[in-house]
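Residue-level listing of the chains:
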Amino acid sequence: MTTLKSKLKEDLTTAMKARDELTSSTLRLTLTAITKEEVGGKTARELSDDEVQKVIAKEAKKRREAAEAFAKGGRTEQAEREKKEGELLDTYLPQQLSDEELAAIVASAVDEAKAAGAEGPRAMGAVMKIVNPKVAGRADGGRVAAAVKKLLAG
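Residues numbered from 1 in each chain as written. Predicted model: local features only at pLDDT ≥ 70, side-chain atom pairs only at ≥ 80, totals over all residues. Heavy atoms only, no water.

**Q** I'd like a rundown of the nonpolar core, residues and numbers included.
**A** The biggest cluster of nonpolar side chains holds 20 residues, and the ones touching the most others in it are Leu102, Val127, Val131, Val135, Val144 and Val148. Those elements that provide at least two residues to this core are helix H5 (99-115), helix H6 (124-135) and helix H7 (141-153). Setting aside anything within four residues of it in sequence, one finds Val135 in contact with Leu97, Leu102, Ile105 and Val144. Core analysis: the next-biggest nonpolar cluster, separate from the first, contains 15 residues, Leu4, Ile34, Val52 and Tyr92 among them. (Core = buried A, V, L, I, M, F, W, Y, C linked by side-chain atoms within 4.5 Å. Buried < 20%, exposed > 50% of the residue type's maximum accessible area, 1.4 Å probe, protein only. Helix = DSSP H or I, 4+ residues; strand = E, 2+ residues; numbered from the N terminus. Contact = heavy atoms within 4.5 Å.)

The following block contains the structure:
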(Lines give C-alpha, C1' and ligand atoms only; values in the text may rest on other atoms or scores of the structure.)
Protein backbone atom coordinates (compact mmCIF):
# COMPACT_ATOMS: atom_id res chain seq x y z
CA MET A 1 0.00 0.00 0.00
CA THR A 2 1.31 3.44 -0.87
CA THR A 3 2.25 5.81 1.92
CA LEU A 4 -0.31 8.43 0.91
CA LYS A 5 -3.14 5.90 0.76
CA SER A 6 -2.17 4.45 4.15
CA LYS A 7 -2.07 7.99 5.61
CA LEU A 8 -5.61 8.56 4.32
CA LYS A 9 -6.75 5.33 5.99
CA GLU A 10 -5.05 6.24 9.28
CA ASP A 11 -6.63 9.69 9.22
CA LEU A 12 -10.03 8.13 8.48
CA THR A 13 -9.69 5.87 11.53
CA THR A 14 -8.70 8.86 13.68
CA ALA A 15 -11.64 10.92 12.37
CA MET A 16 -14.08 8.07 13.02
CA LYS A 17 -12.83 7.69 16.61
CA ALA A 18 -13.18 11.44 17.11
CA ARG A 19 -16.68 11.31 15.55
CA ASP A 20 -15.64 13.97 13.00
CA GLU A 21 -18.39 13.46 10.42
CA LEU A 22 -17.07 15.91 7.81
CA THR A 23 -13.54 14.48 7.76
CA SER A 24 -14.63 10.85 7.87
CA SER A 25 -17.17 11.20 5.06
CA THR A 26 -14.71 13.15 2.89
CA LEU A 27 -11.93 10.60 3.39
CA ARG A 28 -14.32 7.70 2.77
CA LEU A 29 -15.39 9.20 -0.56
CA THR A 30 -11.77 9.86 -1.52
CA LEU A 31 -10.66 6.32 -0.63
CA THR A 32 -13.60 4.99 -2.65
CA ALA A 33 -12.48 7.07 -5.65
CA ILE A 34 -8.94 5.68 -5.26
CA THR A 35 -10.24 2.09 -5.08
CA LYS A 36 -12.45 2.70 -8.11
CA GLU A 37 -9.40 3.95 -10.03
CA GLU A 38 -7.41 0.88 -8.92
CA VAL A 39 -9.97 -1.65 -10.12
CA GLY A 40 -11.00 0.27 -13.24
CA GLY A 41 -9.59 -0.86 -16.54
CA LYS A 42 -8.58 -4.30 -17.70
CA THR A 43 -6.62 -5.39 -14.63
CA ALA A 44 -6.65 -4.39 -10.98
CA ARG A 45 -3.51 -2.63 -9.81
CA GLU A 46 -2.20 -0.58 -6.93
CA LEU A 47 -1.81 3.14 -7.57
CA SER A 48 1.48 4.89 -6.93
CA ASP A 49 1.62 7.94 -4.66
CA ASP A 50 1.62 10.22 -7.73
CA GLU A 51 -1.51 8.55 -9.09
CA VAL A 52 -3.21 8.74 -5.67
CA GLN A 53 -2.31 12.43 -5.59
CA LYS A 54 -3.98 12.93 -8.98
CA VAL A 55 -7.16 11.27 -7.70
CA ILE A 56 -7.13 13.50 -4.59
CA ALA A 57 -6.60 16.57 -6.80
CA LYS A 58 -9.53 15.55 -8.99
CA GLU A 59 -11.74 15.06 -5.92
CA ALA A 60 -10.68 18.46 -4.50
CA LYS A 61 -11.49 20.12 -7.81
CA LYS A 62 -14.94 18.49 -7.80
CA ARG A 63 -15.55 19.96 -4.33
CA ARG A 64 -14.51 23.47 -5.43
CA GLU A 65 -16.78 23.32 -8.48
CA ALA A 66 -19.68 21.99 -6.41
CA ALA A 67 -19.20 24.75 -3.81
CA GLU A 68 -19.34 27.32 -6.60
CA ALA A 69 -22.50 25.78 -8.05
CA PHE A 70 -24.22 25.60 -4.65
CA ALA A 71 -23.27 29.21 -3.91
CA LYS A 72 -24.77 30.35 -7.24
CA GLY A 73 -27.89 28.35 -6.45
CA GLY A 74 -28.31 30.06 -3.09
CA ARG A 75 -27.54 26.96 -1.00
CA THR A 76 -24.89 28.51 1.23
CA GLU A 77 -24.81 25.70 3.84
CA GLN A 78 -24.08 23.04 1.22
CA ALA A 79 -21.58 25.36 -0.51
CA GLU A 80 -19.76 25.86 2.79
CA ARG A 81 -19.57 22.10 3.40
CA GLU A 82 -18.18 21.44 -0.08
CA LYS A 83 -15.63 24.23 0.43
CA LYS A 84 -14.49 22.69 3.74
CA GLU A 85 -14.20 19.25 2.10
CA GLY A 86 -12.06 20.75 -0.68
CA GLU A 87 -9.81 22.47 1.86
CA LEU A 88 -9.42 19.20 3.77
CA LEU A 89 -8.35 17.37 0.60
CA ASP A 90 -5.93 20.19 -0.27
CA THR A 91 -3.96 19.34 2.88
CA TYR A 92 -2.97 16.02 1.24
CA LEU A 93 -1.69 17.75 -1.91
CA PRO A 94 1.68 19.44 -2.45
CA GLN A 95 1.91 23.19 -1.89
CA GLN A 96 0.43 25.09 -4.85
CA LEU A 97 2.66 27.42 -6.84
CA SER A 98 2.24 31.15 -6.29
CA ASP A 99 1.30 33.32 -9.27
CA GLU A 100 4.88 34.66 -9.44
CA GLU A 101 6.44 31.16 -9.45
CA LEU A 102 3.99 30.00 -12.12
CA ALA A 103 4.68 33.08 -14.26
CA ALA A 104 8.44 32.46 -14.06
CA ILE A 105 8.07 28.81 -15.14
CA VAL A 106 5.74 29.78 -17.99
CA ALA A 107 8.06 32.58 -19.14
CA SER A 108 11.04 30.24 -19.37
CA ALA A 109 8.91 27.68 -21.25
CA VAL A 110 7.73 30.35 -23.72
CA ASP A 111 11.36 31.36 -24.35
CA GLU A 112 12.28 27.70 -24.84
CA ALA A 113 9.40 27.19 -27.31
CA LYS A 114 10.32 30.35 -29.23
CA ALA A 115 13.91 29.12 -29.49
CA ALA A 116 12.52 25.92 -31.01
CA GLY A 117 10.60 27.97 -33.59
CA ALA A 118 7.08 28.11 -32.10
CA GLU A 119 5.52 31.59 -32.12
CA GLY A 120 2.22 33.30 -31.39
CA PRO A 121 -0.97 31.69 -30.15
CA ARG A 122 -0.23 28.50 -32.12
CA ALA A 123 2.69 27.85 -29.77
CA MET A 124 0.24 27.06 -26.93
CA GLY A 125 0.57 23.28 -27.31
CA ALA A 126 4.36 23.38 -27.45
CA VAL A 127 4.57 25.58 -24.35
CA MET A 128 2.06 23.44 -22.43
CA LYS A 129 4.15 20.31 -23.19
CA ILE A 130 7.12 22.02 -21.58
CA VAL A 131 5.24 23.51 -18.60
CA ASN A 132 3.00 20.61 -17.54
CA PRO A 133 5.73 18.24 -16.28
CA LYS A 134 7.31 21.08 -14.28
CA VAL A 135 4.09 22.07 -12.49
CA ALA A 136 2.39 18.68 -12.24
CA GLY A 137 0.20 18.60 -9.15
CA ARG A 138 1.28 22.06 -8.01
CA ALA A 139 -0.96 24.20 -10.23
CA ASP A 140 -4.44 23.75 -11.69
CA GLY A 141 -4.48 23.20 -15.46
CA GLY A 142 -6.81 26.16 -16.00
CA ARG A 143 -4.42 28.48 -14.17
CA VAL A 144 -1.49 27.22 -16.23
CA ALA A 145 -3.37 27.61 -19.53
CA ALA A 146 -4.44 31.15 -18.60
CA ALA A 147 -0.86 32.12 -17.76
CA VAL A 148 0.44 30.67 -21.05
CA LYS A 149 -2.27 32.44 -23.09
CA LYS A 150 -1.52 35.73 -21.35
CA LEU A 151 2.19 35.52 -22.15
CA LEU A 152 1.68 34.36 -25.73
CA ALA A 153 -0.89 37.08 -26.44
CA GLY A 154 1.07 39.90 -25.21
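**Q** Give a description of the environment of Ala146 that names residues and reports values.
**A** Secondary-structure assignment places Ala146 in helix H7. The class of Ala146 is partly exposed, set by a relative accessible area of 44%. Considered as a pair, Ala146 and Asp50 are 96 residues apart in the sequence and their alpha carbons are 24 Å apart.

**Q** Explain the packing of helix H1 (residues 3-17) against helix H2 (residues 21-39) to me, and be specific about the residues and the numbers.
**A** Packing of H1 against H2 leaves a shortest axis separation of 9 Å and a crossing angle of 150 degrees. Relative to H2, H1 is oriented roughly antiparallel. Note that H1 runs across H2; the crossing there is left-handed. Taking contact as the criterion, the partners of Lys5, Leu8, Lys9, Asp11, Leu12, Ala15 and Met16 in H1 are, on H2, Thr23, Ser24, Leu27, Arg28, Thr30, Leu31, Ile34 and Glu38. (Axes fitted to C-alpha atoms, helices over the stretch in contact; angles between N-to-C directions. Parallel < 35°, antiparallel > 145°, perpendicular 65-115°, else oblique. Left-handed = near helix turned anticlockwise from the far one by under 90°.)

**Q** Just give me the short version of the side chain of Lys5, but keep the residues and values in it.
**A** Assignment of secondary structure puts Lys5 in helix H1. If we skip the residues at most four places from it in the chain, Lys5 touches Leu31, Ile34, Glu38 and Asp49.

**Q** Residue-level account of the environment of Leu27, with values.
**A** Within the secondary structure, Leu27 sits in helix H2. Note on Leu27: relative accessible area 0%, which makes it buried. Separated by 62 residues in the primary sequence, Leu27 and Leu89 place their C-alpha atoms 8.1 Å from one another. With residues up to four places along the chain from it excluded, the contact list for Leu27 reads Leu8, Asp11, Leu12 and Tyr92.

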